[in-house]
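Descriptive analysis of the structure
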Amino acid sequence: MKLKKNIIREIFPHLKLKDKNISWFKKLYIYINILAQLWLISIISLHLLLPYIAKDTYRYQKVNFYTYDEVDDFNSSNYFVQVKEHIFKNQLYEENININIYILNDKNIYGILNPIEWLPNRQTFGVTQGTKVFVGKVNIEKNKVYSATNANENLDALLVHEAVHVMQNNKYGWFYTSFRMPHWVKEGYPIYSARALSIYTEKWLIDYLVNKDADIENWPIFSQDQFYGLLVKHAIEKMNKSVDDLHLG
């Protein structure tokens with residue numbers, strides 16, 4: 001009976017707040033536990049509900065786009081086909097994988113799915129979880145995606161970038177991709193994959209080197225990733241390295 005009571009108190013930690021003479025430290029722990037449970041329930045619920053509450057769904061073979069705003073059919077169809085074809089051209093793409101892309105256009109829902117977005121001065125545009133890609137605040141007509149700091153990136157390039165992360169996880173395994181894969185390859189290859197799209201250009205990096213301090217150690221992370229993209233480009237196009245050579249170190 002006591003074991004059952006303890007299990008119930010762990011599942012519903014607010015019951016512990018009724019204990020007498022509870023310390024402030026334990027109260028803080030209980031409140032953190034409650035918030036963690038609420039967040040976990042929210043993220044599971046969103047993963048289950050999002051496919052069913054989308055206003056529009058665009059399905060192309062095994063790449064599915066879910067949008068939550070009204071989008072002009074003709075323009076959006078051409079737009080998503082172009083992104084899909086760019087994904088299919090990637091050497092990591094395998095037919096056995098489904099890629100689900102959720103264009104939320106809601107910073108609060110995106111913040112639940114990607115909590116680091118709430119940290120100060122964060123500049124995230126999308127997040128990959130399993131075979132799902134979540135994108136926050138967007139303007140499809142302008143082809144733009146915005147961070148919490150209102151920095152922007154081209155949406156088509158961001159979608160390809162995040163889809164490549166899904167393919168990396170699928171082919172090499174989440175653990176290897178997260179902890180063993182060289183970081184410059186993990187981030188540089190998705191940028192190289194989106195090189196034909198307008199955000200990822202060599203001119204951007206050249207302008208940066210001409211106009212700003214070229215001390216790589218002090219570059220913002222986005223600039224480092226641009227540099228990693230050029231390293232991957234050089235390895236593949238000049239040194240004739242295969243995609244597997246790069247990813248497997």
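Everything below is about the structure printed above this text.
Here the residue numbers are simple positions, counted from 1 along each chain's written sequence. Reporting in this predicted model follows two pLDDT cut-offs: at least 70 for local features of residues, and 80 or more for side-chain atom pairs to be given and counted; totals over whole chains, interfaces and linings ignore these cut-offs and use all residues. Water and hydrogen atoms play no part in the side-chain values, which are based on all heavy atoms of the structure.

Before going further, it helps to spend a moment on the sheet that holds strand β8 (residues 152-154). Whether two strands pair comes down to DSSP finding at least two bridges between them. Going along the chain from the N terminus, every DSSP run of H or I of four or more residues is numbered as a helix, and every run of E of two or more is numbered as a strand. Read across the open sheet, the three strands follow the order β6-β7-β8; overall the sheet is antiparallel. If you trace the sheet from one side to the other, it starts and ends with β6 (137-139) and β8, each paired once. Shown here is a sheet whose adjacent strand axes are inclined to one another by a mean of 25°, direction ignored. One ladder, built from three bridges, connects strand β7 (residues 144-146) with β8; its direction is antiparallel. Bridge pairing in β8 links Val145 to Glu153. Between N-to-C directions, angles cover 0 to 180 degrees, with each direction set by a line fitted to C-alpha atoms, over the stretch in contact for helices.

Alternating residues of strand β5 (residues 132-135) divide into Lys132 and Phe134 and Val133 and Val135, and every residue in both groups is buried. Bridge count between strand β3 (residues 99-103) and β5: four bridges; the pairing is parallel. The residue bridging Tyr102 from the neighbouring strand is Phe134, located in β5. Alignment of strand β4 (residues 126-129) against β5, held across four bridges, turns out to be antiparallel. Its bridge partner lying in β5, Thr128 is registered against Val133. Per-residue accessibility, obtained with a 1.4 Å probe over protein chains only, is compared with the maximum for each type, and a residue is labelled buried under 20%, exposed over 50%, and partly exposed between these values.

Right, let's get into the environment of Ile53. Turning to its location among the elements, Ile53 is positioned in helix α2 (residues 24-53). Separated by 15 residues in sequence, Ile53 and Tyr68 have C-alpha atoms that sit 7.7 Å apart.

Most of β3 sits out of view: five of its five residues are buried. Side-chain alternation along β3 places Ile99, Ile101 and Ile103 on one buried face and Asn100 and Tyr102 on a second face that is also buried. Direction of pairing for strand β2 (residues 63-67) relative to β3: parallel, over a ladder of five bridges. Residue Thr67 lies in a different strand from β3, and its bridge partner there is Ile103.

Here we take up the sheet that holds β5. On the basis of which strands lie adjacent, the open sheet formed by five strands has the order β1-β2-β3-β5-β4 and mixed pairing. The open sheet terminates on both sides in strands that have one partner only, identified here as β1 (56-60) and β4. Between one strand axis and the next, the sheet turns by 15° as a mean value, whatever way the strands run. Note on contacts: a residue pair qualifies if any of its non-hydrogen atoms lie within 4.5 Å across the two residues. Across the sheet, α2 is in contact with β2, β3, β4 and β5; its angle to β5 comes to roughly 95°. The strands that helix α5 (residues 155-172) touches are β2, β3, β4 and β5; relative to β4, the one it contacts most, it runs at about 20°.

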